Amino acid sequence: MRKYTIVFLILLILCTQGCFGKARSNEDLSVLVFITGVIAGSPPYELMTQGAIEFEKNNPGVTVKIYEAGMNQALWEMQLAEMVSGGEYDVVIGSNPSLPEICVNVARMFPNQKFIITDADHEGNNQIRTYNYNQYEQSLFLGFLAGLITTSNMPNINNQRKIGFIAAQEFPLLTRQMVPGFLEGARLADPSIELDFRVVGSWADANKAAELTSAMINSGVDVFTSIAGGAAQGMIKAASDSGVYIVWYNTDAYNLAPGIIAGCGIMNQKELVMEILNDVLKNEVVYGISQTIGVKEGYLGFIFDHSGYQNLPFDIKNRFELFFTEYFYSGN
């Protein structure tokens, strides 16, 4: 009788592991970092990768696999499904506004797999947790700085009061929050400012981005921003050749073009990823919900202490810092 009881218990354990996922101790964690694209040239992916690798180094029981899915979006869902099909990973972590839709489809095939996505917004699926950066906030303050620059007397600033936004492609977060926020911020500096928005059609085509930038400069744009991945290198080159200015999303890029990149927002993605993985390790993640995070929560900000910004005229810095403080920390 005892022999049959032991066999039953073994079968029960195996069945439980098959039904509820790979068993692990409190110190063990297997993580798949799924990059929808390539890491190089993408600040969110670079920071996510850095955070995951540093967490792995600091926690001996944690293993991290970094997977770059490449630029063909049609293959992302198939690649993700293949990666998780063996049940190897306790959690998949990624960063892309379009990733929740893919994860929903993959989750139907693998009901025990958990997904955590930053820079995305999705609720109601108990396999998925998202953290949504308030990119409208970052767009607003970068736009305000762009507006101050384009209405200034800085070198190579013309009198047309036009700013430019170059995107790799259009997606809801970009068109609903980032582009409108950038223009609204600029118009808080001067209501007459116009925005020239153009799409590269690729996250990697730096030559096309350079062509667009040059055409925009010829039409009067003298301050740029971009959400274009590696293609943004073309914008930097063309802007540098003409001596016009750039404000930058998500990371410290001042040294990419000294004297040209005049302001950099910061996304604390690395810190967020490490906090998330720590919560996963402690089984404290609540799935099925989305959390919006921004400036006040400490996950978005601006890099003030760099010469690329500090060398701006005093009146621009004074107005920008006053706006930043009053808008984000005075209850407005």
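Remember, it's a predicted structure, so these values are computed and weren't measured experimentally.

Criteria and cut-off values
All chains use their own residue numbering, which begins from 1 and follows the written sequence. Two thresholds apply to this predicted model, a pLDDT of at least 70 for residue-level local features and 80 or more for giving and counting side-chain atom pairs, whereas whole-chain, interface and lining totals are computed over all residues. The basis for every side-chain value is the complete set of non-hydrogen atoms in the structure, without hydrogens or water. The secondary structure listing takes helices from DSSP runs of H or I that are at least 4 residues long and strands from runs of E that are at least 2 residues long, numbered from the N terminus. Only protein chains enter the accessibility calculation, which uses a 1.4 Å probe; a residue whose area is less than 20% of its type maximum is buried, one above 50% is exposed, and one in between is partly exposed. Pairs of strands are assigned from DSSP output, requiring at least two bridges between the strands. Orientation is described by lines fitted to C-alpha atoms, with helices fitted over the stretch in contact, and by angles between N-to-C directions that extend from 0 to 180 degrees. The contact criterion used is simple: two residues touch if any of their non-hydrogen atoms lie within 4.5 Å. Multiplying 1.5 Å by the helix residue count minus one yields the expected span of that helix. Crossings are classed by handedness, with left-handed meaning an anticlockwise turn of the near helix from the far one by less than a right angle and right-handed meaning a clockwise turn. Residues are sorted three ways: Asp, Glu, Lys and Arg are charged, Ala, Val, Leu, Ile, Met, Phe, Trp, Tyr, Cys and Pro are nonpolar, and all the rest, Gly among them, are polar. Counted as a polar contact is a pair of N or O atoms within 3.5 Å, where, for protein atoms, one must be capable of donating a hydrogen and the other of accepting one, and residues adjacent in sequence contribute only when both atoms are in side chains. Orientation categories follow fixed angle ranges, with anything under 35 degrees roughly parallel, anything over 145 roughly antiparallel, 65 to 115 roughly perpendicular, and all other angles oblique. Here, a salt bridge means any Lys or Arg side-chain nitrogen found within 4 Å of an Asp or Glu carboxyl oxygen.

Draft legend 1. Up close: unusual backbone geometry. Its identity is not glycine, yet arginine 161 carries a phi of approximately 55°, on the positive side. Checked against the element boundaries, arginine 161 lands in the loop between α5 (135-150) and β6 (162-167). Classification of arginine 161 as partly exposed rests on a relative accessible area of 30%. With a phi close to 80°, asparagine 250 is a non-glycine residue in the positive phi region. The exposure class of asparagine 250 is buried, given its relative accessible area of 5%.

Draft legend 2. Just the sheet that holds strand β1 (residues 29-35), in detail. Reading across from one edge, β2-β1-β3-β4-β5-β11 is the order of the six strands in this open sheet, with parallel pairing throughout. Edge positions in the sheet fall to β2 (62-68) and β11 (290-293), since each of these pairs with one other strand and no more. Across this sheet, the average inter-strand angle for adjacent strands is 15°, counted without regard to direction. With three bridges connecting them, β1 and strand β3 (residues 91-95) associate as parallel partners. Within the sheet, the bridge partner assigned to valine 33 lies in β3 and is isoleucine 93. Where helix α4 (residues 99-109) meets the sheet, its contacts fall on β1, β3, β4 (114-118) and β5 (128-133), and the angle it forms with β4 comes to roughly 175°.

Draft legend 3. Molecular detail of α5. When the terminal C-alpha atoms of α5 are compared, their 22 Å separation across 16 residues agrees well with the 22 Å that a helix rising 1.5 Å per residue should span. By the criterion of burial, α5 is predominantly enclosed, with 15 of the 16 residues buried.

Draft legend 4. Local environment of the packing of α5 against helix α6 (residues 172-189). Packing of α5 against α6 brings their axes to within 6 Å, and their N-to-C directions diverge by 35°. The handedness of the crossing between α5 and α6 comes out as right-handed. Contact with α5, carried on its side by Gln135, Tyr136, Ser139, Leu140, Leu142, Gly143, Phe144, Ala146, Gly147 and Leu148, involves Leu173, Gln177, Met178, Gly181, Phe182, Glu184, Gly185, Ala186, Leu188 and Ala189 of α6 and no other residues of that element. Looking at the contact of α5 with α6, its residues break down into twelve nonpolar, seven polar and one charged.

Draft legend 5. Quick peek at the environment of glutamine 127. Residue position: glutamine 127 is located in the loop between β4 and β5. Separated by 24 residues in the primary sequence, glutamine 127 and cysteine 103 have C-alpha atoms spaced 8.8 Å apart. With sequence-adjacent residues up to four places away left out, glutamine 127 is seen in contact with Ala107, Phe110, Pro111, Asn112, Gln113, Lys114, Phe115 and Tyr287. Reaching out from glutamine 127, the side chain makes a polar contact with the backbone oxygen of proline 111 at a distance of 3.5 Å.

Draft legend 6. Local environment of the pairing of strand β7 (residues 194-199). Taken together, the six bridges between β6 and β7 define a ladder with parallel strand orientation. Its bridge partner being in β7, isoleucine 163 is matched across the sheet by leucine 195.

Draft legend 7. Summary view of the packing of α5 against helix α11 (residues 314-329). Where α5 contacts α11, the axes come no closer than 10 Å and their chain directions differ by 155°. Put simply, α5 runs roughly antiparallel to α11. Once α5 is placed against α11, the crossing between them reads as right-handed. Packed against α5, whose contacting residues are Tyr136, Glu137, Leu140, Phe141, Phe144, Leu145, Leu148 and Ile149, the element α11 presents Ile316, Arg319, Phe320, Phe323, Phe324, Tyr327 and Phe328 at the interface. Among the residues forming the contact of α5 with α11, the class breakdown is 13 nonpolar, no polar and two charged.

Draft legend 8. Structural detail: the sheet that holds β7. Read across the open sheet, the six strands follow the order β7-β6-β8-β9-β10-β12; overall the sheet is mixed. Each of the sheet's edge strands pairs with one partner strand only, and the pair in question is β7 and β12 (300-302). Along the sheet, successive strands turn relative to each other by an average axial angle of 20°, direction set aside. Across the face of the sheet, α5 comes into contact with β6, β8 (221-227), β9 (245-248), β10 (261-267) and β12 while running at roughly 170° to β10.

Draft legend 9. Molecular detail of the pattern of salt bridges. Summed over all chains, the structure comprises five salt bridges. Residue aspartate 190 pairs with arginine 161 through a salt bridge whose shortest N-O separation is 2.2 Å. Of this pair, aspartate 190 sits in the loop between α6 and β7 while arginine 161 sits in the loop between α5 and β6; the two residues are 29 residues apart in sequence, bridging distant segments of the chain. The closest approach of N and O atoms between glutamate 284 and lysine 282, which form a salt bridge, is 3.8 Å. Take glutamate 284: its relative accessible area is 47%, and that puts it in the partly exposed class. Judged by relative accessible area, lysine 282 falls into the partly exposed class, the value being 44%.

These values are about where atoms sit, not about what they do.
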